[in-house]
Amino acid sequence: MKTASSPWTDVLPAAVRERLDGGAFTPCRIGLSGAEVWLSDTQALKIAPASDESQTERTALRWLAGRLPVPALLADARENGRDYLLTERLKAVSAADGALLDDPDRLLVLLSSALRALRDVDLGGCPLPDATGAKLRAAKVQVESGLCDPDEAVLSAHGVDSPASLLGWLETHRPKEHAVFTHGDCCLPNLFFDGGGRAFFLDLGRAGIADAYTDIALCLRSLRQNLAGVYDGKVRRTVSEDAFFDALGLQPDAEKLRYYTLLDELL
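Below, the structure is looked at part by part. (Residues numbered from 1 in each chain as written. Predicted model: local features only at pLDDT ≥ 70, side-chain atom pairs only at ≥ 80, totals over all residues. Heavy atoms only, no water.)

**With respect to the pairing of strand β3 (residues 43-49)**
Logical step 1: Buried residues dominate β3, accounting for 6 of its 7 residues.
Logical step 2: Note that strand β2 (residues 36-39) and β3 share 4 bridges and pair antiparallel. Bridge pairing in β3 links Leu39 to Ala44.
Logical step 3: Linkage of β2 to β3, two consecutive antiparallel strands, is achieved through a turn of 3 residues.
Logical step 4: Relative to strand β5 (residues 82-88), β3 is paired through 7 bridges, and the arrangement is antiparallel. Within β5, the position partnered with Lys46 by the bridge is Leu85. (Buried < 20%, exposed > 50% of the residue type's maximum accessible area, 1.4 Å probe, protein only. Helix = DSSP H or I, 4+ residues; strand = E, 2+ residues; numbered from the N terminus. Pairing = 2+ DSSP bridges.)

Encoded structure:
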């Protein structure tokens, strides 16, 4: 594979630099992860502070290859306190794409198919056995370090008055989980679909075995926010919670929806 060379690429770890395709990279500013993402025509390079989430993502990408549609991991490295993940660039569009949001009925079908695909992954040999436990540990670090910034209106609506009190509630009210493979951050910008409607999964730093509602809760919240124009200012026709759960073939579990939505507020 041809190696790109420029002042920008020269500072990358050798293991990553040697796998670059030689094309020009431009920054991608979609999403809220805080990582740098650079795109060429065929590759995506993610650069983030070294963390457990980055380690989880590389582990998930390797294990899911052949089990679930994820981008191929071409190279990775940890150097000077930063994690680097080089993957193939998908020929697909985000679920937050405007054309998909303009057709919420079709989008609902696509999202329900993606959520079912996650639930259908065979868990045998999964190296990420407790995604909820990992989230709770990360939330504890965030709270104790004063780094989390939850939505105060959300906390108030659920009867908690501080991140610390929310963490205490989460630690003592963890629901009994029905184990499936979960994405862990199942927001619309992390789900992609090709022209045939096949789902692809990105940003897997919180992935692992947990309850399906950890994905259902965040996907439903993200769908509501995107259709309400929270991110692009365009208000679209919404879909009902009943329609969402009908598409999934499930009955809504209000307590689990609440729990996993609140847990995400501390991450």
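There is more to say, and it comes next.
**Quick look at the environment of Pro150**
Logical step 1: Among the structural elements, Pro150 can be located in the loop between α6 (131-145) and α7 (152-157).
Logical step 2: Looking at Pro150, the relative accessible area reads 10%, which means it is buried.
Logical step 3: In contact with Pro150, other than residues within four places in its own chain, are Leu155, Pro163, Glu265 and Leu266. (Contact = heavy atoms within 4.5 Å.)

**With respect to the pattern of salt bridges**
Logical step 1: Using the criterion set out here, one finds 20 salt bridges in the structure.
Logical step 2: The salt bridge involving Arg58 is made with Asp76; its shortest N-O contact spans 2.9 Å. In this pair, Arg58 sits in helix α3 (residues 52-64) while Asp76 sits in strand β4 (residues 73-79), placing the two residues 18 residues apart along the sequence.
Logical step 3: The buried category is assigned to Arg58, whose relative accessible area is 4%.
Logical step 4: The exposure class assigned to Asp76 is partly exposed, which follows from its relative accessible area of 22%.
Logical step 5: With its nearest N and O atoms 3.1 Å apart, the salt bridge here joins Asp102 to Lys234. Remark: Lys234 occurs in the loop between α9 (213-227) and α10 (241-248) and Asp102 occurs in the loop between α4 (98-101) and α5 (104-119); sequence separation between them is 132 residues. (Salt bridge = Lys/Arg side-chain N within 4 Å of Asp/Glu carboxyl O.)

**Digging into the nonpolar core**
Logical step 1: One finds Leu111, Leu170, Phe193, Phe201, Leu223 and Phe244 to be the most contacted residues of the largest nonpolar core, which totals 58 residues.
Logical step 2: Ignoring sequence-local partners within four residues, the contact set of Phe201 consists of Leu68, Pro69, Val70, Pro71, Ala114, Ala117, Leu118, His183, Asn190 and Leu191.
Logical step 3: If you look at the next biggest cluster of nonpolar residues, it comprises 11 residues, including Leu20, Trp38, Ala77 and Tyr84. (Core = buried A, V, L, I, M, F, W, Y, C linked by side-chain atoms within 4.5 Å.)

**Digging into the packing of α9 against helix α11 (residues 254-265)**
Axes are the key here: two packed helices are described by the angle between their axes and the distance separating the axes.
Logical step 1: In the contact formed by α9 and α11, the axes pass within 8 Å of each other and the chain directions differ by 75°. If you check the angle between α9 and α11, you find them roughly perpendicular. On α11, the residues touching Tyr213, Thr214, Ile216, Ala217, Leu218 and Arg221 of α9 are Lys256, Leu257, Tyr260, Thr261, Asp264 and Glu265. (Axes fitted to C-alpha atoms, helices over the stretch in contact; angles between N-to-C directions. Parallel < 35°, antiparallel > 145°, perpendicular 65-115°, else oblique.)

**A short note on the sheet that holds strand β1 (residues 26-28)**
Logical step 1: One open sheet accounts for 5 strands, arranged β1-β2-β3-β5-β4; its pairing is antiparallel. The sheet terminates laterally at β1 and β4, the two strands that pair on one side only. On average, each strand axis in the sheet is inclined to that of its neighbour by 20°, with strand direction left out of account.
Logical step 2: Summarising the sheet, β1 and β2 pair through 3 bridges and their orientation is antiparallel. What sits directly across from Pro27, in β2, is Trp38.
Logical step 3: α3 contacts β3, β4 and β5 of the sheet and is inclined by roughly 155° relative to β4.

All quantities given are derived from atomic positions and should not be read as evidence of function.
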